[in-house]
Amino acid sequence: MGIVRIIASFIAATVIGAILVTAAQTQVNLQSLIAIGAEISFGVRLDATLRDLSAVGPIMGGVLGLGFLIAFATTGMIVRHAASLRLLGYTLAGAAAVI
């Protein structure tokens, strides 16, 4: 795979991951507030999600990008010796970076 394609894939994974993780965490936090009796409308959910994406998203992207960099580089060294484990290895590496 060419270096441009690798970099583009890495950036796409980082951006999409940061968006999904940030939005999910916002919803988990709002659900916790609902559990203790707060009333939260769809508009508030949407506003909170958009605000978190703009404020927390870039930080999450940096943290997730660093995690992906370490996980994927390590996996790349391992799968050179076990090519049949390539898909499984990168899938587990991505999951480990998110956790």
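The notes below deal with the structure included here. (Residues numbered from 1 in each chain as written. Predicted model: local features only at pLDDT ≥ 70, side-chain atom pairs only at ≥ 80, totals over all residues. Heavy atoms only, no water.)

Our focus in this paragraph is the packing of aromatic side chains. Within a pair of aromatic rings, the relevant descriptors are the distance that separates the centres and the angle that separates the planes. Enumeration according to the criterion identifies two aromatic pairs in this entry. Seen in terms of ring centroids, Phe-68 and Phe-72 are 5.1 Å apart; in terms of plane orientation they differ by 10°. Their pairing is stacked. Separated by four residues within a single helix, Phe-68 and Phe-72 lie in helix 3 (residues 57–79), roughly one turn from each other. The exposure class assigned to Phe-68 is buried, which follows from its relative accessible area of 6%. An aromatic cluster of three or more residues is present, and its members are Phe-68, Phe-72 and Tyr-90. (Phe/Tyr/Trp six-rings, centres within 6.5 Å; stacked < 30°, edge-to-face > 60°. Helix = DSSP H or I, 4+ residues; strand = E, 2+ residues; numbered from the N terminus. Buried < 20%, exposed > 50% of the residue type's maximum accessible area, 1.4 Å probe, protein only.)

Another point: the packing of helix 2 (residues 42–55) against helix 3. As a packed pair, helix 2 and helix 3 sit with axes 4 Å apart at the nearest point and diverge in direction by 55°. In this view, helix 2 runs oblique relative to helix 3, as classed from their interaxial angle. Residues Asp-52, Leu-53, Ser-54 and Ala-55 of helix 2 form the contact with helix 3, whose own contacting residues are Gly-57, Pro-58 and Ile-59. Of the residues belonging to the contact of helix 2 with helix 3, the class tally is four nonpolar, two polar and one charged. (Axes fitted to C-alpha atoms, helices over the stretch in contact; angles between N-to-C directions. Parallel < 35°, antiparallel > 145°, perpendicular 65-115°, else oblique. Contact = heavy atoms within 4.5 Å. Nonpolar A, V, L, I, M, F, W, Y, C, P; charged D, E, K, R; others polar.)

This part is about a nonpolar patch on the surface. Where nonpolar side chains cluster on the molecular surface, the patch consists of Ile-3, Val-4, Ile-6, Ile-7, Ile-11, Val-15 and Ile-19 and spans about 650 Å² of accessible area. Note that Ile-3 resides in helix 1 (residues 3–35). Judged by relative accessible area, which is 58%, Ile-3 ranks as exposed. (Patch = residues over 30% accessible without salt bridge, like charges linked within 9 Å, V, L, I, M, F, W, Y side chains within 5 Å. Areas by Shrake-Rupley, 256 points an atom, 1.4 Å probe, with all protein chains shown as cover. Salt bridge = Lys/Arg side-chain N within 4 Å of Asp/Glu carboxyl O.)

Purely geometric stuff here, so don't read any function into it on its own.
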